[in-house]
Amino acid sequence: MRTSTEDLDLFHIARRQFDRAVPFVHPLEGWRGMAEMLFKTERTIKLTLPVVLDDGFVHNFEGYRVLHNNVRGPGKGGIRFHPDVDENEIKALATWMTWKCALTDIPFGGAKGGVACDPKTLSEPEKRRITRRFIAALGDDLGPHTDIPAPDLYTDSQTMAWVYDTYSMMHPGQNNLPVVTGKPLDLGGSVGRETATAQGMFYVFEHLVSTGVLQSLEGLAGLTVAIQGFGNVGRNAARIFNKAGARIIAVSDSQGGIHDPEGLDLAQVELQKDETGSVIETPGTKPLDHREVLEVPCDVLVPAALQTQITTANATQIEAKVVVEAANGPITPEADDILGDRGIPVVPDILSAAGGVVVSYFEWVQNLANEQWTEAEVQDRLRTTMLRAADAMVTNRAELVDRLGDYQEAWTKVQPDAPPLPHPTLRTAAHVFAVRRCRRAMEQRGIWP
Ligand code: GLU
């Protein structure tokens, strides 16, 4: 197996991305304190969650909830259940939520939570008890105007129903629906939330193709697409691309991948997933491993699984014309550089994976007003929000490229020994736009006291 020698700690990766944005977040006077304030996490809650599992014994799980920044509104972000969850992972994911909400201009800050557990080995009642214990322990650190969770890896609308119920049992006599998003439709959920991340990614992708930003692609019909991950996001992305006339040629899940250069029969793949729990061994397909799916020659590669999937170890092997991130943090900064040098554009997660939180915001608004929007209304607003953010990123990138010399000169004045600024990527432009917006909000509010 190829190995990567770079630092794969997710919070360090978030920092390296942020550091690439800082020289463009002018004015630079006093930049250090401001940059630290914008990057540092405001609050990290670390809990031990004792839970009785079905074996009748107490098992202790680590739970985390991080509020990165709430200058633009209450914390917002999912809760994940995964064996690898740790503090720095949750801090990084909370940081990216701040940038996502700022870029898409929804009035939330960034937060994230997670429990280190293996959801694949847990029964439904065990997951329910872990969720309830976690939410009860967080107490008033969550709230409709404080910090609002949502689904993430291996949590879903059922998990969110338990989150709602637990919070509601502790806060009777008030409208608690806006305390959590991604709820079931019967319990204040929004239409379109389930598919929102994949749909938002697709709206952005379609727009960037039609406006010529992704120059190597001419249209949608007949595009070949490889998708890593077949959970909520990957599966919906496959359906949406397929419906638009693209050909899905490879998909994978945690057990492995499948490939058919002629195009997979998606109905058959979904049937296989539903019946066996994995896409592997779908009849008529060639097996791949989970990572090989990233290296399949294709027009569009969609990483929709875990973080740090494209690193220095495999970035030179990527054979896609374009990479569109649907997971959070799938590409390391060093791999970004390699893809950039190879002329492979990357549509960054804080834009292309932001559809979920955008529809979460719609759900929150509906809950506050006790309304139910129609599918058409949700889609129209999601599309408008995603396109506005995509345009902001593209316009901002053009400005950064045009004025690179000015930025370089100003940066050299405050950091004489710094290496030359790299050519601004779409990711850097998206980060700069988001960080500037948070900075302005901070300055307008003023630093307390
Ligand atoms: N977990 C999703 C994300 O990473 C959604 C968060 C939300 O809806 O608050 O963006």
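Residues numbered from 1 in each chain as written. Predicted model: local features only at pLDDT ≥ 70, side-chain atom pairs only at ≥ 80, totals over all residues. Heavy atoms only, no water.

Side note on the overall build of the protein
Selection rule: Only DSSP runs of H or I reaching four residues or more are called helices, and only runs of E reaching two or more are called strands; each is numbered from the N terminus. We take the radius of gyration over the C-alpha atoms and set the globule estimate at 2.2 Å times the residue count to the 0.38 power. Per-residue accessibility takes into account occlusion by the displayed protein chains alone, with areas from the Shrake-Rupley method and a 1.4 Å probe.
Looking only at helices and strands, the protein features 14 helices and 13 strands. The C-alpha radius of gyration of the protein comes to 21 Å, within 12% of the 22 Å expected for a compact globule of 449 residues. Along the first, second and third principal axes, the C-alpha atoms of the protein reach 65 × 65 × 45 Å. Counting every atom, the protein has about 18200 Å² of accessible surface; 51% of that belongs to carbon and sulfur.

With respect to the sheet that holds strand β5 (residues 110–116)
Filter applied, for reference: Here a strand pair is declared whenever DSSP counts at least two bridges between the two strands. Here an angle of 0 to 180 degrees is reported between the N-to-C directions of two axes, which are lines fitted to C-alpha atoms, with helices fitted over the stretch in contact.
Read from one edge of the open sheet, four strands run β1-β2-β5-β4, paired in mixed fashion. Here the strands that pair on one side only, and so sit at the sheet edges, are β1 (43–52) and β4 (79–81). Direction aside, neighbouring strands of the sheet carry axes that sit 20 degrees apart on average. In this sheet, strand β2 (residues 58–69) lies alongside β1 in antiparallel orientation, the contact comprising ten bridges. Looking at β2, one finds that Ile45 is bridged to Arg65.

Things to note about the site of the ligand
Quick reminder of the rule: To be near a molecule or strand, a residue needs just one of its heavy atoms within 4 Å of it. For this analysis, a polar contact is any N or O atom pair within 3.5 Å, provided that within protein one partner can donate a hydrogen and the other can accept it, and provided that sequence-adjacent residues contribute only side-chain to side-chain pairs.
Close contacts around the ligand come from 15 residues, with Lys76, Lys100, Pro151, Asp152 and Ser360 the closest. Lys76 has a polar side-chain atom sitting 2.8 Å from an oxygen atom of the ligand. In isolation the ligand has 300 Å² of accessible area, and contact with the protein removes 95% of it. Among the elements of the structure, α3 (87–103) and α11 (355–369) are those that each provide at least two residues to the shell around the ligand. If one sorts the elements of the shell around the ligand by residue count, α11 sits on top with three residues.

Considerations on the nonpolar core
Keep this limit in mind: To form a nonpolar core, buried Ala, Val, Leu, Ile, Met, Phe, Trp, Tyr and Cys residues must be joined to one another through side-chain atoms within 4.5 Å. For every residue, the accessible area (1.4 Å probe, protein chains only) is compared with the maximum for its type, and the residue is labelled buried under 20%, exposed over 50%, or partly exposed between those bounds. Only heavy atoms matter for contacts: two residues are in contact if any of them lie within 4.5 Å across the pair.
Trp96, Phe205, Ile227, Phe241, Val251, Val300 and Val302 are the most contacted members of the largest nonpolar core, which totals 96 residues. It is helix α14 (residues 426–445) that contributes the most residues to this core, ten residues altogether. Each residue touching Val251, except ones within four places of it in the same chain, is listed here: Ile227, Phe230, Gly256, Gly257, Ile258, Leu264, Val269, Val279 and Val293. Grouped together as the second largest cluster of nonpolar side chains are 23 residues, Phe61, Leu138, Leu142 and Tyr167 included.

Side note on unusual backbone geometry
Here the residue pair His26 and Pro27 is connected by a cis peptide bond, since its omega of 0 degrees sits within 30 degrees of zero. The residue after Trp448, namely Pro449, is reached through a cis peptide bond having omega 10 degrees. As for its placement among the helices and strands, Pro449 is situated in the segment after α14. In this model, Asp105 sits at a positive phi of 60 degrees, which is unusual for a non-glycine residue. Along the chain, the position of Asp105 falls in the loop between α3 and β5. By relative accessible area, Asp105 is classed as partly exposed at 37%. Not every positive phi belongs to a glycine, and Glu281 is a case in point at roughly 65 degrees. Note that Glu281 resides in the loop between α8 (266–276) and β10 (286–288). Overall, Glu281 belongs to the exposed group, its relative accessible area being 65%.

Worth remembering: the numbers are spatial, not functional.
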